[in-house]
Amino acid sequence: MTTIASPAFSDQKPGTSGLRKKVAVFRTPRYLENFVQATFNAVPQLRGATLVLGGDGRFHNEAATQTILKMAAANGVARVLVGRNGLLSTPAASNLIRRHRAAGGIILSASHNPGGPDGDFGIKFNAANGGPAPEALTAAIYAATLAIGEYHIAEVDDIDLARLGECELAGMRVEVIDSVADYASLMQTLVDFDAIRDWLKAGHGLRLDAMHAVGGPYAIRLFEDLLGARLGSVRNAAPQLDFGGGHPDPNPVYAAELVAAMQGAGAPDFAAAFDGDADRNMILGRDFVVTPSDSLAVLAANARLLPQFKDGLGGVARSMPTSRAVDAVAAAMKFDCYETPTGWKFFGNLLDAGRIQLCGEESYGTGADHVREKDGVWAALAWLNLLAVRRESVGEIVRAHWARFGRHFYSRHDYEGISLAGGEAVMAGLREQLGGVRGTAVAGMAVTLADDFAYTDPVDGAVSERQGVRVEFEGGARAVFRLSGTGTEGATLRVYLERFSADTAEHGQATQAALARVKTAADQLAAITTHTGRTEADVVT
Ligand code: VG1
Ligand code: CO
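Residues numbered from 1 in each chain as written. Chains lettered and ligands numbered in written order. Predicted model: local features only at pLDDT ≥ 70, side-chain atom pairs only at ≥ 80, totals over all residues.

Near ligand 1, the surroundings consist of 18 residues, among which T16, S111, S484, G485 and T486 are the closest. A breakdown of the residues in the shell around ligand 1 according to their chemical character gives 1 nonpolar, 12 polar and 5 charged. (Near = placed C-beta within 6 Å. Nonpolar A, V, L, I, M, F, W, Y, C, P; charged D, E, K, R; others polar.)

Structural data, given as structure tokens:
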């Protein structure tokens, strides 16, 4: 064991989902080591305990895994469960932590951000409940990064991560495990595999897009091996260091090829895409793309059809910018509905306390109480289960949902890579208006509420302020503004637009047309062009 003197880096504050930086930053000598040591310092429970370790397979995943193993040994960890070749999807890691009673897990991922030597890398710590470290813990880890002066590491050879089985590393037990096995057995307890098999045998087709990321091996095992979908149903299934040069982000912009493949009479009945670490999902039917907010609402309304929720739901939650489609379901079906800040860590307490069983975010994130992360492959399985039971198409199910609960038109407009100053100016300008704008009309719509979202966790009372500006208009329209906490360059402004319509005659409208007035109001309020020079969003989903 060696101790290496290592002064602090001042920029290791975790964002929405862990610490994300350019690969080059993570390859700076001592950079990764300091963050990992800070984690061990802030979480003394890891000493003598089990740690789960794995990542999305992006460039630097394997080198970082070897380093972390040696540091775990030097910091007194008793046992590490590491995915073969260092691969674990985020939901699979969450499951392993829970199932093997680990004291926590380290997940190496920058999720939907591009990878490769010039791309992004990320690291986050998940606690013993399997969920992302809550804010108090990320604050403690950040404080530890600032206080650090040295790190500990075992000076031993790398282990062979390709070979399954147990070995010893400087007195610590390392188990290289099948990345998929435990996750696949969990899924079979939640979803009706027989019903889906019958549905597939009846001739229905599937297409799953793993976007060259870690979801591939999971999708192959579940959809092709266990459910019997035709070989080749899973596309882009081999995890690549740079995700084939693309953004492994399952939305209509970055998964445009999949959207195109779902058009027309010859298209399969169902499709889904997953992100870099396989916690996100996009759901599609033939000629139909489901928005993530609608996906959550449909799953909530149909929960009893899934074995996992056969006793019904006690509560659901959504992140603040997510559309209020699920709120309408909760109100009609009489279960609780919570509104949390952006980021999965805010669902953890509600899930642990049994207050909610299902939750989701507008950013293609859907999950439930079987793990403490959003879960892309699970979401696709849950949808397939619905299709198999209802014997209707994806489009029919969603349209019937709108007819019953009304439609929440929804779109997110992202302004990426703007300057930090520009992004902060937009937010400051919005915050200045909060006091005066209520009761006035913007773009002809009366403002009924304007605030900076603050959240008090109903379980532990923790308060999170300044979580995004929301402006609501008469009739249920809304614009929300916040800065991203997952980017690695400049700032990204996210503008979330929503409008409700109970009138079925309006439900066929194109989304952007339906939101045009809300967009005009958002532009007026935020003065994006004035502050950033941008006239159009870079990514509209
Ligand atoms: C984004 C999404 C948020 C999500 C987070 C992590 O955060 O908006 O909903 O929880 O990414 O998802 P931000 O701060 O950039 O808006 V993942 O799949 O990147 O771990
Ligand atoms: Co992700």
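After that view of the structure, there is still more to cover.
Looking now at the sheet that holds strand 15 (residues 315-319). One open sheet accounts for 4 strands, arranged 16-15-17-18; its pairing is mixed. Both outer strands of the open sheet, strand 16 (336-340) and strand 18 (365-368), are each paired with one neighbouring strand and no more. With strand direction ignored, the average angle separating the axes of adjacent strands in the sheet is 15°. As defined by bridge partners, strand 15 adjoins strand 16 across 5 bridges and the pair is classed as parallel. Note on strand 16: the bridge partner recorded for S319 is T340. (Pairing = 2+ DSSP bridges. Helix = DSSP H or I, 4+ residues; strand = E, 2+ residues; numbered from the N terminus. Axes fitted to C-alpha atoms, helices over the stretch in contact; angles between N-to-C directions.)

Turning our eyes to something else, we now look at the nonpolar core. Judged by nonpolar contacts, the single largest core of 135 residues is most densely connected at V80, A219, L284 and A300. Broken down by element, this core gets its largest block of residues, 11 residues, from helix 13 (residues 376-390). Summarising the domain contributions, this core has at least three residues from each of domain 1 (2-178) and domain 2 (183-405). The contact partners of A219, leaving out residues within four places of it in the chain, are L208, A210, V234, A237 and V377. Among the nonpolar cores identified, the runner-up in size contains 31 residues, and Y415, I418, L430 and A526 belong to it. (Core = buried A, V, L, I, M, F, W, Y, C linked by C-beta atoms within 7 Å. Buried ≥ 20, exposed ≤ 12 C-beta atoms within 10 Å, placed from the backbone. Domains from an automatic or database assignment. Contact = placed C-beta atoms within 7 Å.)

What follows concerns the UniProt feature "domain: Alpha-D-phosphohexomutase alpha/beta/alpha" (unreviewed entry) in the protein. Here the UniProt-annotated "domain: Alpha-D-phosphohexomutase alpha/beta/alpha" (unreviewed entry) positions come out as residues 12-150, 203-284 and 293-405. Secondary structure within residues 203-284 divides into 22% helix and 18% strand; the distance between the first and last C-alpha atoms comes to 18 Å. Between the C-alpha atoms that bound residues 293-405 the distance is 13 Å, and the span itself is 44% helix and 16% strand. (UniProt positions renumbered as here; feature names shortened; annotations may be inferred.)

This brings us to the environment of C359. Tracing the backbone shows C359 in strand 17 (residues 358-361). Once the C-alpha coordinates of C359 and V326 are considered, the two residues, 33 residues apart in sequence, prove to be 9.3 Å apart. Among residues more than four places away in sequence, those in contact with C359 are V316, A317, R318, F347 and G367.

Let's shift gears to the pairing of strand 6 (residues 120-126). The element strand 6 is largely enclosed, with a buried count of 7 among its 7 residues. Residues of strand 6 alternate between two faces, with D120, G122, K124 and N126 on one and F121, I123 and F125 on the opposite face, all of them buried. Of the strand pairs in this sheet, strand 2 (residues 19-22) and strand 6 are connected by 4 bridges, and their pairing is antiparallel. Looking across to strand 6, one finds that L19 is bridged to I123.

With that settled, the discussion passes to the domain arrangement of the protein. Partitioning the protein into structural domains gives domain 1 (2-178), domain 2 (183-405) and domain 3 (407-540). Each of domain 1 and domain 3 has a C-alpha centre, and the two are 35 Å apart. Tallying the contact residues gives 11 residues for domain 1 and 5 residues for domain 3. Among the elements that make up the side of domain 1 that touches domain 3, the one with the highest residue count is strand 2 (3 residues). Grouping the constituent residues of the side of domain 1 that touches domain 3 by class yields 1 nonpolar, 5 polar and 5 charged.

Another point: the pairing of strand 12 (residues 270-274). Among the 5 residues of strand 12, 5 are classified as buried, and the element is accordingly described as predominantly covered. As paired strands, strand 10 (residues 206-209) and strand 12 are joined by 4 bridges and run parallel to one another. Each bridged residue has a counterpart across the sheet, and for R207 the counterpart in strand 12 is A271. Where strand 12 meets strand 13 (residues 281-285), 5 bridges bridge the pair, whose relative direction is antiparallel. Bridge assignment links A272 to a residue of strand 13, and that residue is I283. From the end of strand 12 to the start of strand 13, which pair antiparallel, there are 6 residues, and A278 there has a positive phi angle of about 65°.

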